[in-house]
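Chain by chain, the residues:
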Amino acid sequence: PISWGRGRRRREGSPRLAELAPVRQVATLSKMRQTLLRTRLGLSLAASVVGAVQMAQPARSRSSSAVLPLASSMQSSQRATAVLVHGLDSSKETWSGVLADLAAAGYPAVAYDLRGHGESPLGDPDEFEPAALASDVLAAVRAAGIKRCVLVGHSMGGRVAMRAAAIEAESGGASVLRAVVVEDMDISPRTAPELSAEKRREVAAWGDGGEGAPGRRFASWGACREALLPWYDADEVRVDSWRNKRVRPHPDSSWWSDINPLARRLAWERVLASDDGASAWRELAARSGSGGLPFSVQLWHADVPGSVVKEGAGEVGGIADMSGQMPAARVRKFRGAAHSIHNSARDEFVSALCALVDEASLEGEAAAKHGT
């Protein structure tokens, strides 16, 4: 199960929520844009219903009416869906501005919480691996009925996107991917911070909950704050900045933390400090060179000093190395942007993403016409 969605402000008991039970929708639009969208959708639906009633000769009973697939803010017959995956210590909320901009421009999009992050469960810590994270995302996309998408992975999520792309390329079947964007991440070796045996036992309490493990739900903000501080160098300013953002009150008066020190630790050890990114990239490069991939691959990176990637020629696992392994990969540098390009250079990022979605959608239509 993975948490996903497009509308935190929703009516409870929504049919779509009931139909997609393991997943929960998320709001990302501002009140003004949400109101505008609801108005436009309501007008469009009303016009369609009226037209159908006027043309129905003779009238048919409800039981004989065919059920038709409906377009939504997540999927469209015109454009591929932008699927957005966050990085370390983050959640789908990091994409709120991008989601609002895409919705306002008429581009379908959805952001997911990776397992153990945001509102998604952690599951068995022993199964926290890049392939599992990538498979979660691909399964959620297909469960949502999305037929084609542009997958964007930020930072650690970029490693997940690489593995998801490798899985799709290896499957041999029709891929749901039309393009993959790796945002400010390379495949250079990284080292996870040291953690004592005692700290490892303590961090286990941040699992999904149960006897002796409270998980990420707390009786109060103060209790959650005190639990988080030891894992973030007692940085009170940083932790306090998460109140009502990454740590939020629940309707039952408890507090929920999107931040999960255990998931953070696992992501460091199993994703960032592993060689899976390099392995996935080699697999993609081999397929790209031996006949091509069914989707394009993009390397979008930030500017110095904000970027976490290595740019220099000869640096193992850096952007130049990745480009050398896969010449077909398109590299783009966002001048002046910090690590989180989608927030620090949002307008340019969204513009580039919209152009990529259009390109991928047109290429998909051309391929379909030619039966490829």
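Small disclaimer: the values here were computed from a predicted structure and weren't measured.

**As for the overall build of the protein chain**
For step 1, the next point in the chain: Scanning the protein chain for helices and strands turns up 13 helices and 10 strands.
For step 2, the next point in the chain: In the protein chain, buried positions account for 48% of the 372 residues.
For step 3, the next point in the chain: Partitioning the intrachain contacts of the protein chain with sequence separation of at least 6 by distance along the chain shows that 74% fall at a separation of at least 24.
For step 4, the next point in the chain: Of the roughly 18,200 Å² that the protein chain leaves accessible, carbon and sulfur atoms contribute 55%.

**A closer look at the pairing of strand β2 (residues 81-85)**
For step 1, the next point in the chain: Most of β2 sits inside the fold, with five of its five residues counted as buried.
For step 2, the next point in the chain: On β2, burial covers both faces: Thr81, Val83 and Val85 on one face and Ala82 and Leu84 on the other are all buried.
For step 3, the next point in the chain: Across five bridges, β2 lies against strand β4 (residues 149-154) in parallel orientation. Bridge pairing links Val83 to Leu151 in β4.
For step 4, the next point in the chain: Pairing between β2 and strand β3 (residues 109-113): four bridges, direction parallel. Looking across to β3, one finds that Val85 is bridged to Tyr112.
For step 5, the next point in the chain: Handedness of the β-α-β unit built from β2, helix α3 (residues 96-104) and β3 comes out right-handed.

**Concerning the packing of aromatic side chains**
For step 1, the next point in the chain: Inspection of the entire model under this criterion finds seven aromatic pairs.
For step 2, the next point in the chain: For the ring pair Trp300 and Phe334, a centre distance of 5.6 Å and an interplane angle of 55 degrees mean the geometry is tilted. Separated by 34 residues along the polypeptide, Trp300 in strand β9 (residues 296-301) and Phe334 in the loop between β10 (330-333) and α12 (341-344) bring together distant segments of the chain. Here the two residues Trp300 and Phe334 agree in accessibility, since each one is buried.
For step 3, the next point in the chain: The lysine or arginine in question, Arg79, covers the ring of Tyr107, its NZ or CZ lying 3.8 Å from the ring centre.
For step 4, the next point in the chain: In this arrangement the basic side chain of Arg332 is found over the ring face of Phe334, its NZ or CZ atom lying 4.8 Å from the centre.

**Some thoughts on the nonpolar core**
For step 1, the next point in the chain: Within the largest apolar cluster, 69 residues are counted, with the highest numbers of intra-cluster contacts made by Leu177, Leu228, Trp281, Leu284 and Phe295.
For step 2, the next point in the chain: Looking at this core, the element that brings in the most residues is helix α5 (residues 156-171), giving eight residues.

**With respect to unusual backbone geometry**
For step 1, the next point in the chain: Look at the link from Val304 to Pro305: it is a cis peptide, with omega at 10 degrees.
For step 2, the next point in the chain: Positive phi, normally seen in glycine, also occurs at Asn244, with a value near 65 degrees.

**A few points about the environment of Cys354**
For step 1, the next point in the chain: Along the chain, the position of Cys354 falls in helix α13 (residues 346-369).
For step 2, the next point in the chain: Classification of Cys354 by relative accessible area gives buried; the value is 11%.
For step 3, the next point in the chain: In this structure, the C-alpha to C-alpha distance between Cys354 and Val150, residues 204 residues apart in sequence, is 10.0 Å.
For step 4, the next point in the chain: If we skip the residues at most four places from it in the chain, Cys354 touches Leu102 and Tyr107.

Definitions and limits used
- Residues numbered from 1 in each chain as written.
- Predicted model: local features only at pLDDT ≥ 70, side-chain atom pairs only at ≥ 80, totals over all residues.
- Heavy atoms only, no water.
- Helix = DSSP H or I, 4+ residues; strand = E, 2+ residues; numbered from the N terminus.
- Buried < 20%, exposed > 50% of the residue type's maximum accessible area, 1.4 Å probe, protein only.
- Contact = heavy atoms within 4.5 Å.
- Areas by Shrake-Rupley, 256 points an atom, 1.4 Å probe, with all protein chains shown as cover.
- Pairing = 2+ DSSP bridges.
- Right-handed = clockwise from strand over helix to strand, strands pointing away.
- Phe/Tyr/Trp six-rings, centres within 6.5 Å; stacked < 30°, edge-to-face > 60°.
- Lys NZ or Arg CZ within 6 Å of the ring centre and 35° of its normal.
- Core = buried A, V, L, I, M, F, W, Y, C linked by side-chain atoms within 4.5 Å.

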